[in-house]
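Residues per chain, in single letters:
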Amino acid sequence: MQTLIESTSRVNSVGFSLDGRQIVSGSKDATVRIWDVATRKQVGKPMRGHTDGVRSVGFSPDGRWIVSGSADKTVRIWENKPLMIELRRGLCRLMLNEY
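Residues numbered from 1 in each chain as written. Predicted model: local features only at pLDDT ≥ 70, side-chain atom pairs only at ≥ 80, totals over all residues. Heavy atoms only, no water.

## Description of the sheet that holds strand S2 (residues 22-27)
The strands that make up a sheet are held in pairs by hydrogen bonds between backbone atoms, and each pair lies either parallel or antiparallel. What counts is decided by this rule: By definition, two strands form a pair when at least two bridges between them are found by DSSP. A run of H or I in DSSP becomes a helix once it reaches four residues, and a run of E becomes a strand once it reaches two; helices and strands are each numbered from the N terminus. Think of each axis as a best-fit line through the C-alpha atoms, taken over the contacting stretch in the case of a helix, with angles from 0 to 180 degrees between the N-to-C directions.
Strands sit in the order S1-S2-S3-S4 across an open sheet of four strands; the sheet is antiparallel. Pairing within the sheet leaves two strands with one partner each, and these edge strands are strand S1 (11-16) and strand S4 (41-48). Going from strand to strand, the sheet's axes swing by 20° on average, the running direction of each strand aside. Across five bridges, S2 lies against strand S3 (residues 31-36) in antiparallel orientation. Bridging from a neighbouring strand, Ile-23 pairs with Trp-35 of S3.

Shown next as structure tokens:
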């Protein structure tokens, strides 16, 4: 067993992206965080919006969206910004290679 990631708050829920490259976590501090499996580091800033601990998290099948459920009785849908930035960079490289 390995400890891949150490969070600053109690982690209530985790989920893998379908491609296995990212982990999403939901914590008692009401944040949702994205982690890179290869580097074992947090990607981007914590997503804030819940007012109580996050109890459940998950990825959409295409990885573009993250859903979270909280003790504040809300469900939130977040854009997976690190993935979208990666896709945009790839598109820019593709476009540059065509010219």
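Here the narrative resumes.
## Here we look at the pairing of strand S5 (residues 54-59)
When a strand is regular, its side chains alternate between the sheet's two faces. In this sheet, strand S6 (residues 65-70) lies alongside S5 in antiparallel orientation, the contact comprising five bridges. Among the inter-strand pairings, Gly-58 is bridged to a residue of S6, identified as Val-67. From the end of S5 to the start of S6, which pair antiparallel, there are five residues, and Gly-63 there has a positive phi angle of about 80°.

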